[in-house]
Amino acid sequence: MTPQQHRDFVSTYGKILDLFMIEVPTTAITALVQYYDQQMRCFTFRDFQLVLMLEEFEKIVGCPLGGTKPFFPSGHSPSIPRLFELLGIPVTELREKEMNKNGVRSFLKKFMGDKARECASKGEWMYFMNILAL
């Protein structure tokens with residue numbers, strides 16, 4: 001991205017790119033994942049629950065959560081046509097690459113990374129930024 005595109009991204013999505021710079025040991029993630037409660041969206045330990053408050057999350061990523069971002073509430077999966085609008089990936093390709101693991105719809109990180117690079121090379125910055133943010 002050019003410096004201006006980077007500023008545009010930060011003004012829209014906050015400091016989420018900074019999260020890529022944090023080095024987290026795989027063993028730490030592996031240890032924590034066993035305590036993650038997907039329905040409650042927090043870590044549940046024996047005597048307490050560990051969860052960020054919205055205000056803390058907003059402060060960390062530097063982006064108010066009240067805006068219109070290409071994210072969806074928990075339990076609400078976007079339709080394939082809506083994903084096409086946001087990401088610019090053809091509907092047929094999205095349907096072909098969609099995966100369903102344990103009831104969670106997803107796409108491989110490699111697929112999304114390849115699409116982001118493709119959008120960047122074509123200069124389709126809106127799609128690039130939406131894919132990167134997602």
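What counts, and where the lines are drawn
Residues numbered from 1 in each chain as written. Predicted model: local features only at pLDDT ≥ 70, side-chain atom pairs only at ≥ 80, totals over all residues. Heavy atoms only, no water. Core = buried A, V, L, I, M, F, W, Y, C linked by side-chain atoms within 4.5 Å. Buried < 20%, exposed > 50% of the residue type's maximum accessible area, 1.4 Å probe, protein only. Helix = DSSP H or I, 4+ residues; strand = E, 2+ residues; numbered from the N terminus. Contact = heavy atoms within 4.5 Å. Phe/Tyr/Trp six-rings, centres within 6.5 Å; stacked < 30°, edge-to-face > 60°.

Enquirer: How should the nonpolar core be read in this particular structure?
Expert: The tendency in soluble globular proteins is for nonpolar side chains to be buried as a group. Core analysis: the biggest nonpolar cluster contains 18 residues, and Phe9, Tyr13, Leu87, Ile89, Met112 and Ile131 have the highest contact counts within it. Taken together, the elements giving at least two residues each to this core come down to helix H1 (3-13), helix H4 (80-87), helix H6 (109-122) and helix H7 (125-133). What Leu87 contacts, discounting residues up to four positions off in sequence, is Met112, Cys119, Tyr127, Asn130, Ile131 and Leu134.

Enquirer: Whenever I open this one, the packing of aromatic side chains confuses me. Can you help?
Expert: The way to describe two aromatic rings as a pair is by their centre distance and the angle between their planes. Tallied over the full model, the rule gives five aromatic pairs. Relative to Phe43, the ring of Tyr36 lies with its centre 5.2 Å away and its plane at 65°, an arrangement referred to as edge-to-face. According to the relative accessible area criterion, Phe43 is partly exposed, its value standing at 24%.

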